Amino acid sequence: MRFAADKAKAVRGAHITRARVQGSRADVGHGSKLVNVSQVFAAQSQRLHRENAVEEALAKRLNQVAPETRRSRRMAAKAAVRRNHIVTGSAMAALMGAAAGAIAVVAPKGPLKAPLAAGDASSQVTPAGYTAAGSGRDGAVSRSEARKPEGADQQTSNQGKWKMDESGLDVSNMFKSLADNPVVAALMDRNRPVLPPAFNPNHATGDAGNAYEFSQCTWWAYVRRHQLGLPVGSHMGNGCQWAASARSLGYWVDNTPRNVGDVMVFNAGQEGTDPQYGHVAIVESINPDGSITTSECGVSKAGKTYSHTYTNIHDFQFIHY
């Protein structure tokens, strides 16, 4: 720029002045005039130095306020791009350093092994102090070497069969029904196609202990239902009243025997029973011909039971659960 040219011109002027002073020294020779010439030269040098300093400061100031040229703008843009590259490179380096630190934390502590070529045990990388591929310090086979090849015991087809008895589960305690009583839950699974709509298996049972007179038909019905794990009420009345009492508590009652343990209800005087109290019995089996066999008791039996087989089964009411 123009200021740099002016500075060079001033320096050349200083060199010329110095040459002239040196010529004067040669002409004058040694003496007092030589001392004066040296002082003049020193004074001129100081003055030129001050002038040069002023010119440099002035040039810097003028350069700051001078209008920018297209070349200076291009140079400034290139410098900004270089700074951006430097900043980006520094950020990437920091990220790479953080990633390397994370990898170092989770890296396996044991020695890594290179994959073996087919039939070439020497290609395996072993840590220092180990004798051979797959052997320990004493030549013992390592755990990885003792394992079977990967996939040796894996099933390769979907033709296998799963057996219930191999699972270790007691499937007898697994029911679809949500009954609190497991016996009732099992019977509900069996009777599901004929269950009444919205039947609640967890209804009130009315059970407060055997409150019936010893050896009565009702006493035996209570005892036998408990033996079979089925619910039964303690105050369901005379035998002929049991069906109505059971319905009021939420029991499933209809005219068909469905399971062993159902309570068979006789109306008063039905099948020769007491004309006032009726009778109850327990279904012990449902026979292939549709008939049922019961267990029953009465006052005259002194707690001993007897059985009958009935074929007109739909003439009676049956309490299920």
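So, here's what we can say about the structure. (Residues numbered from 1 in each chain as written. Predicted model: local features only at pLDDT ≥ 70, side-chain atom pairs only at ≥ 80, totals over all residues. Heavy atoms only, no water.)

Here we come to the overall build of the chain. For the chain, the helix and strand inventory stands at seven helices and six strands. Starting at the N terminus and walking to the C terminus, you meet the elements of the chain as α-α-α-α-α-α-α-β-β-β-β-β-β. Counting every position in the chain, which comprises 321 residues, the buried fraction comes to 24%. Summarising the internal contacts of the chain: among those between residues at least 6 apart in sequence, 52% fall at separations of at least 24. If you sum the accessible surface of the chain, you get close to 22,100 Å²; carbon and sulfur atoms cover 56% of it. (Helix = DSSP H or I, 4+ residues; strand = E, 2+ residues; numbered from the N terminus. Buried < 20%, exposed > 50% of the residue type's maximum accessible area, 1.4 Å probe, protein only. Contact = heavy atoms within 4.5 Å. Areas by Shrake-Rupley, 256 points an atom, 1.4 Å probe, with all protein chains shown as cover.)

Positive charge collects at one region of the surface, where Arg70, Arg71, Arg73, Arg74, Lys78, Arg82 and Arg83 lie side by side. For Arg83, the location among the structural elements is in helix α3 (residues 70-106). (Patch = residues over 30% accessible without salt bridge, like charges linked within 9 Å, V, L, I, M, F, W, Y side chains within 5 Å. Salt bridge = Lys/Arg side-chain N within 4 Å of Asp/Glu carboxyl O. Lys, Arg positive; Asp, Glu negative; His and termini not counted. Charge placed at Lys NZ, Arg CZ, Asp CG, Glu CD.)

With the rule as written, the count across this model stands at eight aromatic pairs. Residues Tyr212 and Trp242 carry aromatic rings whose centres are separated by 5.5 Å and whose planes lie at 40° to one another, so their mutual orientation is tilted. On the criterion of sequence distance, the pair formed by Tyr212 in the loop between α5 (182-191) and α6 (217-227) and Trp242 in helix α7 (residues 242-249) is long-range, its members being 30 residues apart. Just as Tyr212 is buried, Trp242 falls in that class too. Note on Trp252 and Tyr321: the rings are 5.6 Å apart at their centroids and 70° apart in plane angle, and the pair reads as edge-to-face. Taken together, the residues Trp252 in the loop between α7 and β1 (253-254) and Tyr321 in the segment after β6 (317-319) connect sequence positions 69 residues apart. As far as burial versus exposure is concerned, Trp252 and Tyr321 are alike and both buried. Linked through ring pairs, Phe199, Trp252 and Tyr321 together constitute an aromatic cluster. (Phe/Tyr/Trp six-rings, centres within 6.5 Å; stacked < 30°, edge-to-face > 60°.)

So, on to α6. The buried count for α6 comes to eight of eleven residues, which makes it a mostly enclosed element. Of all the positions in α6, only Cys217, Thr218, Trp219, Trp220, Ala221, Tyr222, Arg224 and Arg225 are classed as buried. Taken together, the buried residues of α6 touch α7, β2 (263-266), β3 (279-286), β4 (292-295) and β6. Where α6 ends, the next residue or the one after it, Gly229, has phi of about 80°, a positive value.

So, about the nonpolar core. Ranked by size, the top nonpolar core spans 19 residues in total, and within it Trp242, Val263, Val265, Val280 and Ile319 carry the most contacts. Secondary-structure elements contributing two or more residues to this core are α6, α7, β2 and β3. It is α6 that contributes the most residues to this core, five residues altogether. The contact partners of Val280, leaving out residues within four places of it in the chain, are Cys217, Thr218, Ala221, Gly239, Trp242, Val263, Met264, Val265 and Phe266. Among the nonpolar cores identified, the runner-up in size contains ten residues, and Ala179, Val184, Met188 and Leu195 belong to it. (Core = buried A, V, L, I, M, F, W, Y, C linked by side-chain atoms within 4.5 Å.)

We now examine the sheet that holds β3. Spatially, the six strands line up as an open sheet ordered β1-β6-β2-β3-β4-β5, and their pairing is antiparallel. Of all strands in the sheet, those bounded by a partner on one side alone are β1 and β5 (309-310). Relative to β4, β3 is paired through four bridges, and the arrangement is antiparallel. Bridged to Ser285 within β4 is Thr293. Its contacts with the sheet place α6 against β2, β3, β4 and β6, and it is angled at close to 40° to β3. (Pairing = 2+ DSSP bridges. Axes fitted to C-alpha atoms, helices over the stretch in contact; angles between N-to-C directions.)

Within the span of α7, buried status applies to Trp242, Ala243 and Ala246. Within α7, the buried residues cover an arc of 95° as seen down the axis, which keeps them to one side. In this structure, α7 carries Ala244 and Ser248 as exposed residues pointing more than 90 degrees from its buried face. Packed against the buried residues of α7 are α6, β1, β2, β3 and β6. A positive backbone phi angle near 105° is found at Gly250, which sits one or two residues after α7. (Arc of directions from axis to C-beta.)

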